[in-house]
Amino acid sequence: MIRLFAITLLVLPMVATTANASCRMATAGAKCAAAPTLRPPLPAGTPLPEDAKLLLNPDYYGLPPVDGAWRYYVVNNELYRVDSRSLEVIERIRDGNRYLW
């Protein structure tokens, strides 16, 4: 019984350090979080992904008003002009690195 307890004490710290070995900044008691993967910008003609968000009140963001059959959508913190009927990207308006949504 004592030998089993001693072996457990020796093995457990090694298991914990190997689990955090993939973490770049592993510290005691901290969790390792994976960095989000960034997708490249959507080219024109691409169908809108499901995680796209319709941008309401474009004048608040200094954008011209919607004047046709298209809408503003935000995907991956980037702004796109999207056809409202086919939901395909018309063009990328602004890069998300310069603006917060």
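Above this text is the structure in question.
Now for a look at the structure at hand. (Residues numbered from 1 in each chain as written. Predicted model: local features only at pLDDT ≥ 70, side-chain atom pairs only at ≥ 80, totals over all residues. Heavy atoms only, no water.)

1. With respect to the pattern of salt bridges
Tallied over the entire structure, the rule returns two salt bridges. Among the ionic pairs, Arg 92 bridges to Glu 78, the shortest N-O distance being 2.9 Å. Of this pair, Arg 92 sits in strand β4 (residues 89-94) while Glu 78 sits in strand β3 (residues 78-83), and the two are 14 residues apart along the sequence. Residue Arg 92 is classed as partly exposed on the basis of its relative accessible area, which comes to 36%. (Salt bridge = Lys/Arg side-chain N within 4 Å of Asp/Glu carboxyl O. Helix = DSSP H or I, 4+ residues; strand = E, 2+ residues; numbered from the N terminus. Buried < 20%, exposed > 50% of the residue type's maximum accessible area, 1.4 Å probe, protein only.)

2. Some words on the nonpolar core
The nonpolar side chains of a soluble globular protein tend to be buried, and buried together. Ranked by size, the top nonpolar core spans eight residues in total: Leu 42, Leu 48, Ala 52, Tyr 73, Val 75, Tyr 80, Val 82 and Val 89. Secondary-structure elements contributing two or more residues to this core are β2 (70-75) and β3. When neighbours within four sequence positions are excluded, Ala 52 is seen to be in contact with Tyr 73, Val 74 and Val 75. (Core = buried A, V, L, I, M, F, W, Y, C linked by side-chain atoms within 4.5 Å. Contact = heavy atoms within 4.5 Å.)

3. Details of the sheet that holds β3
Pairing within the open sheet is antiparallel, and its four strands lie in the order β1-β2-β3-β4. The sheet terminates laterally at β1 (53-54) and β4, the two strands that pair on one side only. Bridging between β3 and β4 involves four bridges; their strand directions are antiparallel. Across the sheet, Leu 79 pairs through a bridge with Arg 94, a residue of β4. (Pairing = 2+ DSSP bridges.)

4. A few points about the pairing of β3
In regular strands, side chains alternate between the two faces of the sheet. Two strands pair when backbone bridges link them, and β2 and β3 are joined in this way by six bridges, in the antiparallel orientation. When the sheet's bridge partners are listed, Tyr 73 is paired in β3 with Tyr 80. The antiparallel pairing of β2 with β3 creates a hairpin that spans two residues between the two strands, and Asn 76 there sits at a positive phi of about 55°. The antiparallel hairpin formed by β3 and β4 contains five residues in its connecting segment, where Leu 87 sits at a positive phi of about 55°.

5. A closer look at unusual backbone geometry
Excluding glycine, a negative phi dihedral is what most residues carry, and trans is how most peptide bonds are arranged. In the Ramachandran plot, Asn 57 falls in the positive-phi region, its phi being about 60° despite a non-glycine side chain. Within the secondary structure, Asn 57 is located in the loop between β1 and β2. Residue Asn 57 is classed as partly exposed on the basis of its relative accessible area of 46%. Despite not being glycine, Leu 87 has its phi angle at roughly 55°, a positive value. With respect to the secondary-structure elements, Leu 87 resides in the loop between β3 and β4. Looking at Leu 87, the relative accessible area reads 37%, which means it is partly exposed.

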